[in-house]
Amino acid sequence: MTVSPASMKIVDLRSDTVTQPTDEMIEAIVQAHKSGRLGDDVNGEDEVINELQEKAAKILGKEAALLVTSGTQGNVIALLAQASRGDEIVIEERSHTYLYEAGAMSSLGGLFPKPVKGTRGYILPETLEEAINPDDAHLAKTAMVVIENTHNYAGGTVITPNQVNALTSVARDYNLKIHCDGARLFNAAVALGIPAKQLVEKVDSVQICLSKGLSAPVGSIIAGTEEFIHDGHRIRKKLGGGMRQAGIIAAPMIVALEKMVDRLKDDHDNAKLLYERIHDIPGLSVEKPDTNILFLGLDDLPFDTMKLSEELAKENILIYGKYGKRARMVLNRMVNHDDTVRVAEVLNKILRDE
Ligand SMILES: Cc1ncc(COP(=O)(O)O)c(C=O)c1O
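Residues numbered from 1 in each chain as written. Predicted model: local features only at pLDDT ≥ 70, side-chain atom pairs only at ≥ 80, totals over all residues. Heavy atoms only, no water.

Chemist: Any details on the overall build of the chain? Residues and values, ideally.
Modeler: The helix and strand tally for the chain stands at 14 helices and twelve strands. Expected size for 354 residues packed as a compact globule is a radius of gyration near 20 Å; at 21 Å, the chain falls within 12% of this value. Its C-alpha atoms give the chain principal-axis dimensions of about 60 × 60 × 35 Å. Here the chain holds 354 residues, and 56% of them are scored as buried. Put simply, of all contacts in the chain between residues at least 6 apart along the chain, 74% involve residues at least 24 apart. For the chain, the accessible area works out to roughly 15200 Å², and carbon and sulfur atoms hold 50% of it. Computed over 40 positive and 51 negative side-chain charges, the separation of the two mean positions in the chain equals 2 Å. (Helix = DSSP H or I, 4+ residues; strand = E, 2+ residues; numbered from the N terminus. Rg over C-alpha atoms; globule rule 2.2 N^0.38 Å. Buried < 20%, exposed > 50% of the residue type's maximum accessible area, 1.4 Å probe, protein only. Contact = heavy atoms within 4.5 Å. Areas by Shrake-Rupley, 256 points an atom, 1.4 Å probe, with all protein chains shown as cover. Lys, Arg positive; Asp, Glu negative; His and termini not counted. Charge placed at Lys NZ, Arg CZ, Asp CG, Glu CD.)

And the structure:
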């Protein structure tokens, strides 16, 4: 890969997972240690983790919450805790839990995904209703539905509380559990200008990632009823997720929850700025972003994402060279307004020149 001189800042748009922890987060780790509040979390003795879990449960409007190592671990725990081997899980066909979690629900839980088409990542209530199997011994029992908010692959799209509630009402009619993969739930909340708990009021379980736009170095949370968290705890242990003085992880997660949510708007503003400056490039197909993710459709251009990523890398701009003819750009805290303007200029240069 050819890159420009080292003096040019690297603008990393591969994901919001590339965000580095803030100084305040590092200080919070040091303070957690100095204060003597760290302990063995397998025995429930880490006070920083206990504080994080209580805070997260409150923010999400749920009875209880549990620290987990990653979004993937949180999603698989939620599924394994609420469905049994052989059960069917209705899931949007481009969702992360279906496509990008290494088949965990099937390999670890014996669960059978039933992918369905969404509209901007949202499973319409009638689509869910059609997907639910009747009670027939030939068929798997439909036990759960998974939603993703925001929806990554649909382009960081937001699902509103009304949409969530409409789906939940079908789930209730058929006795299904509903899990929300809220890896970027706070992006949705900030975009809608509402508290995050309104987006998950009716769902049984939710997973949030604090290591994405919120910039904590590691860690996710799952939340739901006391009973769900009790069961989830055992599954986390089985998956090797029982940690010890993990208050050093929880301390920056508390900073993320308290201090980093409102600034997600900057990432959304930069995503919109980028959209405004590139959407009229001939042959490029791009939707106005709801949040911090843009997908550039390259079908009518002589580029695939690999070639585009190589061209951008020459200008120290990073994107993943996967996703075929759809190039993903994820605005994040490490990319400021001026960087965004530069990315727009470079894209105009590369894509208009062909
Ligand atoms: C929508 C969504 N869900 C879940 C995850 C999984 O999170 P993790 O990478 O922490 O396992 C991701 C990660 O990018 C994601 O984008």
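So, next bit.
Chemist: Outline the sheet that holds strand β6 (residues 177–182), supporting the account with residue identities and numerical values.
Modeler: Spatially, seven strands are ordered β2-β8-β7-β6-β5-β3-β4 in an open sheet, and the strand pairing comes out mixed. Whereas interior strands pair on both sides, the edge strands pair on one side only; in this sheet they are β2 (64–68) and β4 (112–116). Neighbour-to-neighbour, the strand axes of the sheet open up by a mean angle of 20 degrees, direction not taken into account. Across the sheet, helix α3 (residues 71–82) lies against β2, β3 (88–92), β5 (142–148), β6, β7 (205–209) and β8 (220–224), angled at about 170 degrees from β7, the strand it touches most. (Pairing = 2+ DSSP bridges. Axes fitted to C-alpha atoms, helices over the stretch in contact; angles between N-to-C directions.)

Chemist: Give a detailed account of the site of the ligand, specifying residues and quantitative values.
Modeler: With respect to spatial proximity, the complete set of residues near the ligand consists of Ser70, Gly71, Thr72, Asn75, His96, Glu101, Glu148, Asp181, Ala183, Arg184, Cys209 and Lys212. Between an oxygen atom of the ligand and a main-chain N or O atom of Gly71, the distance comes to 2.8 Å. In the model, an oxygen atom of the ligand is placed 3.0 Å from a nitrogen or oxygen of the Lys212 side chain. Protein chains shield 84% of the accessible area of the ligand, which is 390 Å² for the free molecule. Placement of the ligand is best described as lying within the largest pocket. Considering each element in turn, the shell around the ligand owes the most residues, three residues, to α3. (Near = heavy atom within 4 Å. Polar contact = N/O pair within 3.5 Å; in protein donor to acceptor, adjacent residues only side chain to side chain. 1 Å grid on protein atoms, 1.4 Å probe; cavity = no way out; pocket = protein on both sides within 12 Å on 5 of 7 lines; lining within 4 Å. Sits in = over half its atoms within 2 Å of the grid points.)

Chemist: So what about the nonpolar core? Which residues, and what values?
Modeler: In terms of nonpolar packing, the biggest core is built from 58 residues, with Leu128, Leu185 and Ile208 touching the most fellow members. Among the elements that line this core, the one with the most residues is helix α11 (residues 247–259), at eight residues. Residues in contact with Leu185, not counting those within four places in the same chain, are Leu60, Asn149, Thr150, Cys180, Ala196, Leu199, Val200, Val206 and Ile208. One finds Ile281, Ile319, Val346 and Leu351 within the second-largest nonpolar core, a separate group that totals 28 residues. (Core = buried A, V, L, I, M, F, W, Y, C linked by side-chain atoms within 4.5 Å.)

Chemist: Lay out the packing of aromatic side chains with the relevant residues and their values.
Modeler: In the structure shown here, the tally under the stated rule is two aromatic pairs. Centroid distance Tyr100 to Tyr153: 6.3 Å. Interplanar angle 5 degrees. Geometry classified as stacked. With a gap of 53 residues between them, Tyr100 in the loop between α4 (96–99) and α5 (104–109) and Tyr153 in the loop between β5 and α7 (161–173) connect regions that are remote in the sequence. A centroid spacing of 5.4 Å and a plane angle of 15 degrees characterise the contact between Tyr153 and Phe295, whose relative ring orientation is stacked. Of this pair, Tyr153 sits in the loop between β5 and α7 while Phe295 sits in strand β10 (residues 293–297); the two residues are 142 residues apart in sequence, bridging distant segments of the chain. (Phe/Tyr/Trp six-rings, centres within 6.5 Å; stacked < 30°, edge-to-face > 60°.)

Chemist: Summarise the pairing of β3; cite the residues concerned and give the values.
Modeler: For β3, the buried fraction is high: five of the five residues fall into the buried class. Burial along β3 is two-sided: the residues Glu88, Val90 and Glu92 and Ile89 and Ile91 are all buried. Here β3 runs beside β4; their pairing, made up of five bridges, is parallel. Paired with Ile91 across the strands is Pro115, a residue of β4. Strand direction decides the pairing type here: β3 and β5, joined by four bridges, are parallel. Within the sheet, the bridge partner assigned to Glu88 lies in β5 and is Thr142.

Chemist: Please set out the layout of surface pockets residue by residue, giving values where relevant.
Modeler: Rolled over the atoms, a probe with the dimensions of a water molecule shows which regions are left empty. A volume near 390 Å³ is recorded for the largest pocket. Ser15, Thr17, His96, Arg184 and Lys212 are, among the 28 residues lining the largest pocket, the residues nearest its centre. Within the residue set of the lining of the largest pocket, elements represented by two or more residues are α3 and β7. With three residues, the single largest contributor to the lining of the largest pocket is α3. By residue class, the composition of the lining of the largest pocket is seven nonpolar, 14 polar and seven charged. Here the lining of the largest pocket spans two domains, and each of domain 1 (11–20 + 263–353) and domain 2 (23–259) adds at least three residues to it. (Points joined across faces, edges and corners; volume = space filled by probe spheres on them. Nonpolar A, V, L, I, M, F, W, Y, C, P; charged D, E, K, R; others polar. Domains from an automatic or database assignment.)

Chemist: A description of empty space enclosed by the protein should follow, citing residues and the corresponding values.
Modeler: Applying the stated criterion across every chain, the model contains two cavities of 30 Å³ or more. Considering only enclosed or pocket space, the largest cavity measures out at about 40 Å³ in volume. Residue lining of the largest cavity: Gly182, Ala183, Arg184, Leu185, Phe186, Asn187, Cys209, Lys212, Gly213, Leu214 and Leu264, and that is the complete set. Of all the elements, helix α8 (residues 185–192) adds the most residues to the lining of the largest cavity, at three residues. Taken together, the residues of the lining of the largest cavity break down into six nonpolar, three polar and two charged. Space inside the second largest cavity adds up to approximately 30 Å³. Every residue along the wall of the second largest cavity is listed here: Val76, Leu79, Thr97, Glu101, Gly103, Ala104 and Met105. Broken down by class, the residue content of the lining of the second largest cavity amounts to four nonpolar, two polar and one charged.

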